Amino acid sequence: MSSLSRELVFLILQFLEEEKFKEAVHRLEQESGFFFNMKYFEEKALLGEWDEVEKYLSGFTKVDENRYSMKIFFEVRKQKYLEALDSQDRAKAVEILVKDLKVFSTFNEELYKEITHLLTLDNFRENEQLSKYGDTKSARSIMLVELKKLIEANPLFREKLVFPTLKASRLRTLINQSLNWQHQLCKNPRPNPDIKTLFMDHSCSPPNGARASTPVTLPVAALTKPLTYAPLGAHGGPFPPAAAAAAANANALAGWMSNANPSLSMQSAPVAASPMPVQLGQVSSLKHPRTPSTGLGMIDYQSSDHEQLMKRLRTAQSVDEVSYPPQHASWSLDDLPRSVACSLRQGSTVMSMDFHPLHHTLLAVGCNNGEVTLWEVGLRERLVSKPFKVWEMTACSVPFQGAIAKDPSISITRVSWSPDGNLIGVAFKKHLVHLYAYHGSNDLRQHLEIDAHSGGVNDLAFSHPNKQLCVVTCGDDKLIKVWDLNGRKLFHFEGHEAPVYSVCPHQKENIQFIFSTAVDGKIKAWLYDNVGSRVDYDAPGQYCTTMLYSDDGNRLFSCGTSKDGDSFLVEWNESEGAIKRTYSGFRKKSTGIAQFDTTRNHFLAVGEDSQIKFWDMDNTNVLTSTDADGGLPSIPRLRFNKEGNLLVVTTADNGFKVLANADGLRSLRAIESRSYEASRTPIEMKVSTSAMVPNINPAINKVDRMDASSPARPTQILNGVDPLARSVEKRRLLDDASDKSKRWELAEIVDPVHCRVAMMPDSKDPANKVARLLYTNSGAGILALGSNGVQKLWKWRSNDENPSGKATASVIPQHWQPNSGLLMTNDVPENCEEAVPCIALSKNDSYVMSACGGKVSLFNMMTFKVMTTFMSPPPASTFLAFHPLDNNIIAIGTQDSSIHIYNVRVDEVKSKLKGHQKHITGLAFSVNLKIMVSSGADAQLCFWNMDTWDKRKSLTIQLPAGKAPIGDMQVQFYSDQTRLLVCHESQLALYDAAKAECIRQWMPQDVLPAPITCAAYSPNSQLVYAGFTDGNIGVFDADSLKLRCRIAMSVYLAQASPSSQTVYPLALTAHLQEPYQFAVGLSDGSVKVIEPSDAEGKWGVTVPVDNGAQNGWTATSSSNNPAS
C-alpha cells in the first residue's frame, strides 16, 4: 500500500472516531495494521475479553512472528489459563492448555510441562513462582505492564503506537478543498452552490448569465470552521506533474517540512475572507511546500525494518522481520563501558574529545588553553601536544587581530576527526579553525588555518557534499559555513537570529543536509544550495542543544539544557518532524549544558549531576548510571570510541578517565602486552627441525624462528615493488625483516589434549561437503550449508553445564529442527556440478537467505519454511550479502560475473554492477568508507560506492610468479572497517581499503606450504584463522600476518580417514564474541568447534611488533598493481 493510501486510512480512522463509530474504528485499526490502539487493548485486557484481545493482536502480528510476539501471546494465554484455574474451572483450563498453550511446547518444552503440572495442584499459588499471584484484577494490571513493554520493544509495532497529529475533521477539510477546486473549474459557477452528493464531481448547471466564482463548502454541521485551500496543483497532490515533482525533490526534508512552524507553512483562511479564487502562481511561490512522499527524502527511512516484506509474507507465518535493529535480549549492562581503566591528567580543562575513527584507542583532546593533544590511551601515553599559536597572523581579519592582541587567551570549543582519520579539525572560541594532518604515531602537521567566523566558532564537523570532503562550521555571527580543504568557502547559510551553537551534517540516500541549532533553541535544516533553511523548529528547552545520529544513521537524537537549567534528551521522528520520545532521569537544575553521545545503535550516555547516565534508546527510563569512582565535574563531557567499548569522561582536576567494558579492557591489555613484548630483548635460541614429521613429541613444540624465515616476512615479490624504490619507512621494515637476531616462539599443537573439539551431531556426510559455515549473530548456534543445498542448524541451550547458552566446545549442541521435520533445502537444478552454494544470515538470526545453483530462497529460521524465492537463474547466484544499513537491499554476486543490487521490498534489481571477468566469490561492506568490495574467481578486487554503486577502482591481487589469475577469493573487513582481509589459495593479504593498496601479504611456505582453502577474522580482529588443503589450520596475528600457531589435523580428527583422501577444512568461521573459538566445516561433511584448553587459554603467543610499524601495520606500495 502506498504512503498516501496509508495516510488515507488514518484520515478515515479519525472520521470514524469523530462520528463515534467505535467498533468500526477498531476493526479498521486491526485490519489495516497501521495503528495499534494501546488504550483499547488495555481496556479489553482489563475486562478479560481474551478472544477480542487476541483478535486485535492478530492484525499486527502472529504468535510465532518473532520472540516478542511469542512472549505477548504467551502472557495473554497464561493469564487466561491461570484465571480458569483460579475459578476452579478445570475443564476450561485443560482446553486452554491444549488449544492455546500447546503451541509453545515446541520452543520450551520444560515450561509447558511446568504449566501442565499446575493442573495437579489444589491452588496454583503453591508453585513458588506464582506464590505472589494476587486477585484477577491486580494480576491483569501487572500483566499489562509487561505487555506494554513487549509491544513497545517489538519491531513489528514500531511507528504504529502513535496516531499522527491531525487537525480536526481533516478528511472533511480535504473534501471541501476538492469541492472548492471543482467549483472554480465550473464554466458557469453559481453563487452558494447546493452540494447534494459526493458520488460524482460537482458541476454548476448553466445559469442565465455568468457569475463570479464563489468557494463552496460541504454542508456538514460538524465542520464548525469551513476552510478554503490552495488548488491541488499548487502543492503537488497525490500525483504531481513533473515540475512539482522536481521541486519536491529539491526540498527533500519531507517529514520535517510537512509540520514546520506556522510562520513557514501554508495558512488556511476562512471561506468568507476569500471571495476570489486562489491563483496557481500565488501558491507556487510559497517557500515551504509540502514534499510528496514519493520524493527523495527521509519519509521512508524506516524501510530498513522490512515492513513491506513482512506484510508480503505475513500469511506464511514469519518469525521476525529481516531487519537491522538489534534484539534487546542480546544486550546487557555489561556491554556498557563502566569500569575505570585509567585516569589521565591533561593539565588544563578539557573542552572536547574525539576518538580516531579507525584506531580505537587514539584520542584527540582540546583544552581551554587552546592546546591540542593526542593520547594513546592503551599505553596511557601523550603522543604529541600542539599549544595554540596563530599560524599566519597577516592572513587573519583585523577584528581577530584586535581581539587576540587585547586578550591572547583562547579556548577550544571542538575537536573532531575526519571520517578517514587523516585530519583533525579544531574550532576555537575566537574566529579560527585549524586543520591538522595526521601522518601516524606522533606526526601531527599544520594543514590549514581559516578565519572562519566573527566571534567564536562554536562547532565543527566534516561532511561530503558532492563527494568532496569539507568542513562545516558555525559561530557567534549566526552563520553556518562550508569550507573545502584549501580554505575556500563553498556555502554560506544565514537565517538564524541568534548565535549558532551546533551543526549536524548528515546524508539520507543521496540527499545531503545539515541540521543546525542556535542558542535561542531554534533548529533549522539546510541543503547545500544557498536557498535557505528548510525547517524551523523549537528544541526542547529553547536554548543550547546538540543533535546526533545513531551510528547507523537511522535515528536522530538531541540533548540540551534550558536557561533555567532543565536538561532534555529526546529522539526525533524524522518522518513527522516531531519528538518521538523524551527520556527521563535528569535532576531538576543543571549548572551547565548537558553533553551526550550515542553508541552501538543502542545506547545513549549523558554527563549530568557529576555522573554518566545511560539509556537504552528504546526505553525512556535511565538504564543505569556511574560516577566513575568520583571526581567528575557537575556536567562532565564524554565520548565513546567507534566500537563502543571505551568511553572517556572529563574530570574536575583537569584530566579525563577512560572507562571500558570487558572487550575494551582486553583491547587495552593487548596494546600494553604488544608494547611490552616489542620492547623485550629477544633470546637467541636454536631453530628446530621441520614440524611436519608425523610422530612429533611432545605434543606442543615451541619452534623458534627468525624473522627472515618467517612465513609473514615482507618478500621482494610483494606487489612486484622494487625494494630500492621504497620510502625510508618501508626500508626500515625490510631492514627489520632481515634482522636475524630477532626470534619468537611458534606454538604447534598436534595433540587433542591441548584444545577442546566438539563435533556437531548428524554432521558427517562425505557426499555432502560443507560449502559455507556461519555462527549465528547471537553466538548460540552454527549454521552450515552443504554442497547438496541442505542447511543444518545446531543450537546450544542454556543449562547448568553451559549457563551462558553460547557456543562452546565443552558441550555438544542439539541438531535443531522444527517439530514439522522440515529441512532447509534449496532449489537445486539437476545439473548442479558447477553450482556455488551461498548463504547470508539476517542480523537478528530470524531469516537465512541461501542458494545452490537455483533460485535464492528466504527461510524462516524458526519454522524452516521458505518465505519467498527470487532471482531465478540464469545467472545463478554465487554470493549473497545483506546491505549493512538496510536489509531490504541485498547484494547478489552471480555466475556471469555481475553483481545485482536487489531490493526485496519492491522485488526489483536496482543496479547491475559489471567489473569482473569470472563469477563473484565474495562481497564485503564498509559503512565507514561507504564502499562495497567484491572479489571474483578472476583474482580481481573491485571497490564500489555504496551510495551510487559506481566503481571506484579495481585491481588484480599480486600472484606468485607463474600463477594464473584464477581461484576463489574471500574478502572480510576488520572491525575498523578499513583494513580488508583477502584470502586466496596462494596467499593471505591485508589491504587498506581506503587507498585500495596491499599493505601485508603472506604466502604458504615453511610449516604451512599447502594451498589455503578458507580464512576468517577473530571478533576482535586480532587473529586470522586459515585452513589448508593438507588439513593444517594456521592462527596468524591480524596486524602483521605473522604465524603464531599451527594446529595439526591430528587435533580435530580422532583417526585418519579410511580413504586415501586427506580431510581438510573447506569452510571456516570465527565466533562473533569469543576471540579464541572457531568452527570448521570439513571435506568429509563434518562440522567441528575448536577452542584452546583452559590451561592454554589462547592460541600461541603474541608475535613481536615490527619496528617502525604502528601496531605492526605498515603500508607498502601497490602502485604496480594493475588498477582501473
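Small disclaimer: the values here were computed from a predicted structure and weren't measured. (Residues numbered from 1 in each chain as written. Predicted model: local features only at pLDDT ≥ 70, side-chain atom pairs only at ≥ 80, totals over all residues. Heavy atoms only, no water.)

Counting its regular elements, the protein chain contains 17 helices and 61 strands. Across the 1124 residues of the protein chain, 56% fall into the buried class. Of all intrachain contacts in the protein chain linking residues separated by at least 6 positions in sequence, the fraction that spans at least 24 positions is 57%. Only carbon and sulfur atoms are counted for the fraction: they give 51% of the accessible area of the protein chain, which is about 47,000 Å². (Helix = DSSP H or I, 4+ residues; strand = E, 2+ residues; numbered from the N terminus. Buried < 20%, exposed > 50% of the residue type's maximum accessible area, 1.4 Å probe, protein only. Contact = heavy atoms within 4.5 Å. Areas by Shrake-Rupley, 256 points an atom, 1.4 Å probe, with all protein chains shown as cover.)

End to end, helix α1 (residues 3-18) covers 23 Å across 16 residues, agreeing with the expected 22 Å (1.5 Å per residue, within 8%). Looking at α1, one finds that the buried residues are Val9, Phe10, Leu11, Leu13, Gln14 and Leu16. Against the buried residues of α1 lie α2 (22-32) and α9 (170-185). (Expected span 1.5 Å × (residues − 1).)

Two aromatic rings, taken as a pair, are described by how far apart their centres are and by the angle between their planes. Using the criterion set out here, one finds 31 aromatic pairs in the structure. Ring centres 5.4 Å apart and planes at 80 degrees place the aromatic pair Trp417 and Tyr438 in the edge-to-face group. With a gap of 21 residues between them, Trp417 in strand β8 (residues 412-417) and Tyr438 in strand β10 (residues 432-438) connect regions that are remote in the sequence. Judged by relative accessible area, Trp417 falls into the buried class, the value being 5%. Every member of this aromatic cluster is reached through a ring pair, and the members are Phe36, Tyr40, Phe41, Tyr56, Phe60 and Phe157. Lying over the aromatic face of Phe34, Arg6 brings its terminal NZ or CZ to 4.8 Å of the ring centre. Just above the ring of Trp816 sits the side chain of Lys795; from NZ or CZ to the centre is 4.1 Å. (Phe/Tyr/Trp six-rings, centres within 6.5 Å; stacked < 30°, edge-to-face > 60°. Lys NZ or Arg CZ within 6 Å of the ring centre and 35° of its normal.)

Moving on, we come to the sheet that holds strand β42 (residues 866-870). Taken together, 4 strands build an open sheet; the order of strands is β39-β40-β41-β42 and the sheet is antiparallel. Strands at the two margins of the open sheet, each flanked by one partner only, are β39 (838-841) and β42. Strand-to-strand twist across the sheet, computed as the mean angle between neighbouring axes with direction ignored, equals 20 degrees. As defined by bridge partners, strand β41 (residues 856-860) adjoins β42 across 4 bridges and the pair is classed as antiparallel. Bridge pairing links Leu858 to Thr868 in β42. (Pairing = 2+ DSSP bridges. Axes fitted to C-alpha atoms, helices over the stretch in contact; angles between N-to-C directions.)

Right, let's talk about the packing of α1 against α2 for a bit. To describe two helices that pack against each other, one gives the angle between their axes and the distance between the axes. The geometry of α1 relative to α2 is characterised by a closest axis approach of 8 Å and an angle of 160 degrees between their N-to-C directions. With respect to their mutual orientation, α1 and α2 come out roughly antiparallel. For the crossing formed where α1 meets α2, the hand is left-handed. Contacts between α1 and α2 involve Val9, Ile12, Leu13, Leu16 and Glu17 from the first element and Lys22, Ala24, Val25, Leu28, Glu29 and Ser32 from the second. Among the residues forming the contact of α1 with α2, the class breakdown is 7 nonpolar, 1 polar and 3 charged. (Parallel < 35°, antiparallel > 145°, perpendicular 65-115°, else oblique. Left-handed = near helix turned anticlockwise from the far one by under 90°. Nonpolar A, V, L, I, M, F, W, Y, C, P; charged D, E, K, R; others polar.)

Turning to the layout of surface pockets, a few remarks are in order. If you add up the space inside the second largest pocket, you get close to 550 Å³. If you trace the second largest pocket, you find 22 residues lining it, with Glu75, Lys78, Leu82, Gln129 and Leu130 closest to the centre. Only α5 (67-86), α7 (109-117) and α8 (136-153) provide two or more residues apiece to the lining of the second largest pocket. Sorting elements by how many residues they give to the lining of the second largest pocket places α5 first, with 7 residues. Of the residues in the lining of the second largest pocket, the class split is 11 nonpolar, 5 polar and 6 charged. (1 Å grid on protein atoms, 1.4 Å probe; cavity = no way out; pocket = protein on both sides within 12 Å on 5 of 7 lines; lining within 4 Å. Points joined across faces, edges and corners; volume = space filled by probe spheres on them.)

Close approach of charged atoms allows side chains with opposite charge to pair. Under the counting rule described, the total for this entry stands at 37 salt bridges. The residue Glu49 makes a salt bridge to Lys44 at a minimum N-O spacing of 3.1 Å. Of the charged contacts in the structure, one is a salt bridge between Asp335 and Arg600, with a shortest N-O distance of 3.6 Å. Here Asp335 is found in the loop between α13 (307-313) and β3 (339-345), whereas its partner Arg600 is found in the loop between β24 (595-599) and β25 (603-608), with 265 residues between them in sequence. The structure contains a network of salt bridges with shared partners spanning Glu159, Arg555, Glu571, Lys580, Arg581 and Asp618. (Salt bridge = Lys/Arg side-chain N within 4 Å of Asp/Glu carboxyl O.)

Next up on the list: unusual backbone geometry. Here the amide bond leading from Pro873 into Pro874 is cis, since omega sits at -5 degrees, within 30 degrees of zero. Looking at the secondary structure, you find Pro874 in the loop between β42 and β43 (877-882). Residue Pro875 is reached from Pro874 by a cis peptide bond, and omega for that bond is -5 degrees. Relative to the assigned elements, Pro875 resides in the loop between β42 and β43. Positioned with a positive phi, His431 is a non-glycine residue whose angle comes to about 65 degrees. Its location among the elements puts His431 in the loop between β9 (423-428) and β10. Take His431: its relative accessible area is 7%, and that puts it in the buried class. For Arg600, which is not a glycine, the phi torsion comes out positive at approximately 55 degrees.

Here Gln940 lies in strand β49 (residues 940-945). Residue classification places Gln940 among the buried residues on the basis of a relative accessible area of 12%. In terms of polar contacts, Gln940 uses its side chain to reach the backbone carbonyl oxygen of Gly915, at 3.4 Å. (Polar contact = N/O pair within 3.5 Å; in protein donor to acceptor, adjacent residues only side chain to side chain.)

Take the pairing of strand β36 (residues 790-795) next. Here β36 lies mainly inside the structure; 5 of its 6 residues are buried. Inspection of the sheet shows strand β35 (residues 781-786) paired to β36 by 5 bridges, in the antiparallel sense. The partner of Leu783 across the bridge, within β36, is Leu793. Taken together, β35 and the strand that follows it, β36, pair antiparallel across an intervening segment of 3 residues, in which Gly789 is found at a positive phi of about 85 degrees.

A separate point is the sheet that holds strand β44 (residues 889-894). Strand order in this open sheet of 4 strands is β43-β44-β45-β46, and the pairing throughout is antiparallel. Looking along the sheet, the strands with just one partner apiece sit at the ends: β43 and β46 (908-914). Each neighbouring strand pair of the sheet contributes to a mean axis angle of 20 degrees, computed without reference to strand direction. Pairing geometry for β44 and strand β45 (residues 898-903), over 5 bridges, is antiparallel. Bridge pairing in β45 places Gly893 opposite Ile899.

Summing up the model confidence of the protein chain, the mean pLDDT is 80 and the portion of residues at 70 or higher is 79%. This model gives residues 680-743 a pLDDT under 50, and the stretch forms 131 contacts once residues within four places in sequence are excluded. (pLDDT = per-residue confidence, 0-100.)

Right, let's get into the pairing of strand β29 (residues 646-651). Counting buried residues along β29, 6 of its 6 residues qualify, which places the element largely inside the surrounding structure. Of the two faces of β29, the one lined by Leu646, Val648 and Thr650 and the one lined by Leu647, Val649 and Thr651 are each fully buried. With 3 bridges connecting them, strand β28 (residues 638-640) and β29 associate as antiparallel partners. Its bridge partner being in β29, Leu638 is matched across the sheet by Val649. Relative to strand β30 (residues 655-660), β29 runs antiparallel, the two sharing 6 bridges. Residue pairing across strands places Thr651 opposite Gly655, the latter belonging to β30.

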